[in-house]
Amino acid sequence: MDFEKPIQDLEEELLKLKDVAAKSKVDLNDKIKELEGHIQDKTKEIYSNLTAWQRVQVSRHPERPYTLAYIDYITNKTFMELHGDRTVGDDKAMVGGWGEIDGQTVMCIGQQKGINTKMRQIRRFGMANPEGYRKALRLMKMAEKFNKPIITFIDTPGAYPGLEAEERGQGEAIARNLLEMAQLKVPVICIIIGEGASGGAL
């Protein structure tokens, strides 16, 4: 992105320095470490002073990790996805299931946008239908039943705005989730990993 240009320039300079060090067999480790520190400082400086629009751009960046990538990483690939709301169907925009973190079983739930154009269409860019929210509620209730903590990964521009979603009770599904989540007897950790907009994120 435009505001990251100073970081890109420094990284290109670092690559050239490493290339020179490899070809000339000259010890440039001190200069390389100094430049790496400068890159870290510049990155921290830029990301500490982002405008509101720049933050939105970062949250929507197509190459950043999505929910399933986070879940696979923190559960060390022990994640077992569960499907369906037991009423209408399985919403691909909402994913959830059991995973293990340091020997502790947890319920992981989140919106998944998709990693390419085809998957983004199938997952509706992380915008869940009512059955997605009902699936999430089913999984939260299951976690409560087995006394397991819940981790949610929030990454959505909002609930799916289609007519069929409204016909199937979009507003009621979100309201029901808010009510039930307030009454859960197990810990719930909510992590915003990208966009967190509208009632869909709540």
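Structure: see above.
Just so it is clear, the model here is predicted, and its values are computed rather than measured. (Residues numbered from 1 in each chain as written. Predicted model: local features only at pLDDT ≥ 70, side-chain atom pairs only at ≥ 80, totals over all residues. Heavy atoms only, no water.)

Student: Tell me about the packing of helix α6 (residues 130–145) against helix α8 (residues 170–182), and name the residues and values.
Tutor: Closest axis-to-axis distance for the α6/α8 pair is 8 Å, and the angle between their directions is 20 degrees. With respect to α8, the axis of α6 lies roughly parallel. For the pair α6 and α8, the sense of crossing is left-handed. Here α6 contributes Pro130, Tyr133, Arg134, Ala136, Leu137, Met140 and Lys141 to the contact with α8, which in turn contributes Gln170, Glu172, Ala173, Ile174, Arg176, Asn177, Glu180 and Met181. Grouping the constituent residues of the contact of α6 with α8 by class yields eight nonpolar, two polar and five charged. (Axes fitted to C-alpha atoms, helices over the stretch in contact; angles between N-to-C directions. Helix = DSSP H or I, 4+ residues; strand = E, 2+ residues; numbered from the N terminus. Parallel < 35°, antiparallel > 145°, perpendicular 65-115°, else oblique. Left-handed = near helix turned anticlockwise from the far one by under 90°. Contact = heavy atoms within 4.5 Å. Nonpolar A, V, L, I, M, F, W, Y, C, P; charged D, E, K, R; others polar.)

Student: Any chance you could break down the side chain of Arg124 for me, citing the residues and the numbers?
Tutor: The topology assignment puts Arg124 in the loop between α5 (117–122) and α6. Assessed through its relative accessible area of 16%, Arg124 is described here as buried. Excluding residues that lie within four positions of it along the chain, Arg124 makes contacts with Asp91, Ala93, Asn129 and Tyr160. (Buried < 20%, exposed > 50% of the residue type's maximum accessible area, 1.4 Å probe, protein only.)

Student: Any chance you could break down the environment of Leu15 for me, citing the residues and the numbers?
Tutor: Positionally, Leu15 belongs in helix α1 (residues 5–24). Taking relative accessible area as the criterion, Leu15 reaches 61% and is therefore assigned exposed. On a C-alpha basis, the gap between Leu15 and Ile32 in space is 9.3 Å, while along the polypeptide they are 17 residues apart.

Student: Provide a residue-level description of helix α2 (residues 29–48), including the pertinent values.
Tutor: The end-to-end C-alpha distance of α2 is 28 Å, a good match for the 28 Å that 20 residues give at a rise of 1.5 Å each. Listing the buried residues of α2 in full gives Ile32, Leu35, Ile39 and Ile46. Each buried residue of α2 lies within a common arc of 65 degrees when the element is viewed along its axis, so the set occupies one face. Opposite the packed face of α2, turned more than 90 degrees from it, sit the exposed residues Asp30, Lys33, Glu34, Gln40, Asp41 and Lys44. Packed against the buried residues of α2 are α1. (Expected span 1.5 Å × (residues − 1). Arc of directions from axis to C-beta.)

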